[in-house]
Amino acid sequence: MTDLRESALRYVRANKDAFLETYLEILRIPSVSTDPGQVEAVRQAAEWMAARLRELGMQAVQVYPTARHPVVYGEWPGAPGAPTVLIYGHYDVQPPDPLDQWESGPFEPTIRGEDLYARGASDMKGQVVASLKAVEAILRTGDLPVNIKWLLEGEEEIGSPSLEAFLLEQREMLACDFALNPDSGMLGQDWPTITYALRGLAYFELRVYGPAHDLHSGIYGGIVHNPAIALAELVSGMHDEQGRITLPGFYDKVRPLSAAERAELARLPTDEAHYLAQTGALALTGETGFTANERVGARPTLDLNGMLSGFTGKGAKTVIPAWAMAKISTRLVPDQDPADVYKQMVQYLEARAPGDIRWELDDLHGGVPSISDRDNPGVRAMAAALETVWGSKPYYRREGGSIPVVSQMQRLLGIESVISGFGLPDDNVHAPNEKQHLPTWYRGIEALVHFLLNLKP
Ligand code: BES
Ligand code: ZN
């Protein structure tokens, strides 16, 4: 090992408490991007990020306003001739609801056992702080052998609506060899992982209207179509008996899985028992003809995320509601396009909605799926780094979640991303009691130190 590697790793080990302090600080800022009441907190989180970049000695640090939440940029161009890595992160988080199910406050980070609990601990403030600390460890003990640019956004959890324009406007400033994206986690704490594909997303709100107002279900039951039932019928018709999605043309652009890729996915350590244990479900289900690993990563899905209609309070109320609403989302795989799926949903509703019901469909947000190149110096540097720290070669997997920026960067900047972070499947991301496993987080910082040093030409 070179001296710099050793000294940087020594710095990481000597500064564990200080690193944790920084991490706790950002977790206390409730930067919920979807919540209009937290615009100020999101801005504060952006300023916090900019302050950390300045402290690190980054240049050209700036908080760029966008149509909604700011983008933070900074750069370290100190290694002329060496590659340039664009480190991506998001400092926004999902809403903490339902609040009553948190054991400690979502924005009062609390350590229990080996885990740190807070909204954003895993997705992805922890991963951003890990990246900052890896760079700090190298810069405080020697010279960074590569150039770095930072792109930290505040809209990932709402589909990155302003990022596309930012990437286009700032193409030159963002020029780089590839991106590091630590917004995806590991298959398990002993299973270092590189994600090479992400699903896309198309998210809708469907509202159906029946009678002009709520009706007594005794006086009028039997003569009008209940909109809650009509909605349930429409939603249940979106899958067939094989678990396939029935929107017209939905599978037309789905890239088939090659035999080689299926064989590779079959070797992942996540078997059916793993998914049963992780989910607590009684049985697994889904599209016939595909394994669980294929169904969660390489096949598209449609889910009902929430439904609202009629009387949901305590006790009973005999009512035929006037309307019903459903939040419906689809996860997409290459080469599906969220804009096509919106049209397919409209076609489905035109064909299937009963004549006695009026419907409205809102396109809430979307993201394009991606597959990333695995044969490049960035992925090789990460694979070697993970192997050094964990003592075993990484698994390559397709992630079921979505990170729209990966395809945006491919399309608009012409660059690939190395996707590898240090969250775990049981981190409760987007759910109550989100957490980050701290020993894995510290290992992650060391892996990022190795990764950056491995990039030395
Ligand atoms: N970090 C996640 C994506 C992710 C989830 C990666 C699970 C690995 C495992 C990201 O912050 C996220 O949650 N994205 C949203 C997408 C968005 C358009 C709202 C998602 O997947 O729901
Ligand atoms: Zn998320």
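First things first, this report covers the structure right here in the doc. (Residues numbered from 1 in each chain as written. Chains lettered and ligands numbered in written order. Predicted model: local features only at pLDDT ≥ 70, side-chain atom pairs only at ≥ 80, totals over all residues. Heavy atoms only, no water.)

## Some points on the sheet that holds strand S4 (residues 110-112)
For clarity, the threshold we go by: DSSP-based pairing: two strands are paired if at least 2 bridges between them are found. The way it works is that DSSP assigns letters per residue, a run of H or I at least four long becomes a helix, a run of E at least two long becomes a strand, and they are numbered from the N terminus. With axes taken as lines fitted to C-alpha atoms, and helix axes fitted only over the stretch in contact, angles between N-to-C directions fall between 0 and 180 degrees. Residue contacts follow a heavy-atom distance rule, with two residues in contact if any of their heavy atoms lie within 4.5 Å.
A sheet is described by the order of its strands in space; here three strands give the open sequence S4-S5-S18, paired in antiparallel fashion. Each edge of the open sheet is held by one strand with a lone partner, namely S4 and strand S18 (435-437). Adjacent strand axes in the sheet meet at a mean angle of 25 degrees, parallel and antiparallel pairs treated alike. The pairing of S4 with strand S5 (residues 115-117) spans three bridges and is classified as antiparallel. Counterpart to arginine 112 in the pairing with S5 is aspartate 115. Together, S4, S5 and S18 form the strand contacts of helix H2 (residues 16-27), whose direction differs from that of S5 by roughly 25 degrees.

## A word on the site of ligand 1
Short version of the rule: For each residue, the test is whether any non-hydrogen atom lies within 4 Å of the molecule or strand; if one does, the residue is near. For this analysis, a polar contact is any N or O atom pair within 3.5 Å, provided that within protein one partner can donate a hydrogen and the other can accept it, and provided that sequence-adjacent residues contribute only side-chain to side-chain pairs. Accessible areas in this description were obtained via Shrake-Rupley with a 1.4 Å probe; residue shielding takes into account the shown protein chains only. Under the scheme applied, nonpolar residues are Ala, Val, Leu, Ile, Met, Phe, Trp, Tyr, Cys and Pro; charged residues are Asp, Glu, Lys and Arg; polar residues are all the others, including Gly.
Not every one of the 16 residues close to ligand 1 is listed here, only the nearest: Asp123, Glu156, Asp183, Arg331 and His430. At a separation of 2.8 Å, an oxygen atom of ligand 1 approaches a polar side-chain atom of histidine 430. In isolation ligand 1 exposes 510 Å². Once the protein is present, 88% of that is buried. Its residues assigned to classes, the shell around ligand 1 comprises three nonpolar, seven polar and six charged.

## What about the coordination of the zinc ion (ligand 2)?
We count it as follows: Coordinating donors are taken to be N, O and S atoms lying within 2.8 Å of the metal, or within 3.2 Å when the metal is Na, K or Ca; because water is excluded from the atom set, some sites may appear incomplete. Under the classification used here, a metal with four donors is tetrahedral if each angle lies between 85 and 135 degrees, square planar if opposite donors are over 155 degrees apart and the others between 65 and 115, a six-donor metal meeting that same test is octahedral, and anything else is irregular. Classification of residues uses two cut-offs on accessible area relative to the type maximum, computed with a 1.4 Å probe and protein chains only: under 20% is buried, over 50% is exposed, and between them is partly exposed.
Coordination sphere of the zinc ion (ligand 2), protein contribution only: Asp123 (OD), Glu157 (OE), Glu157 (OE) and His430 (NE2), at 1.8 to 2.7 Å. Metal-centred angles of 53 to 156 degrees between the six donor atoms at the zinc ion (ligand 2) mark the site as irregular. Within one chain, the residues donating to the zinc ion (ligand 2) are spaced in sequence as D-x33-E-x272-H. A residue pair is termed long-range when its members are at least 10 positions apart, and glutamate 157 in the loop between strand S6 (147-153) and helix H5 (163-169) and histidine 430 in the loop between strand S17 (417-419) and S18 qualify at 273 residues. Overall, the relative accessible area of 11% leaves glutamate 157 in the buried class.

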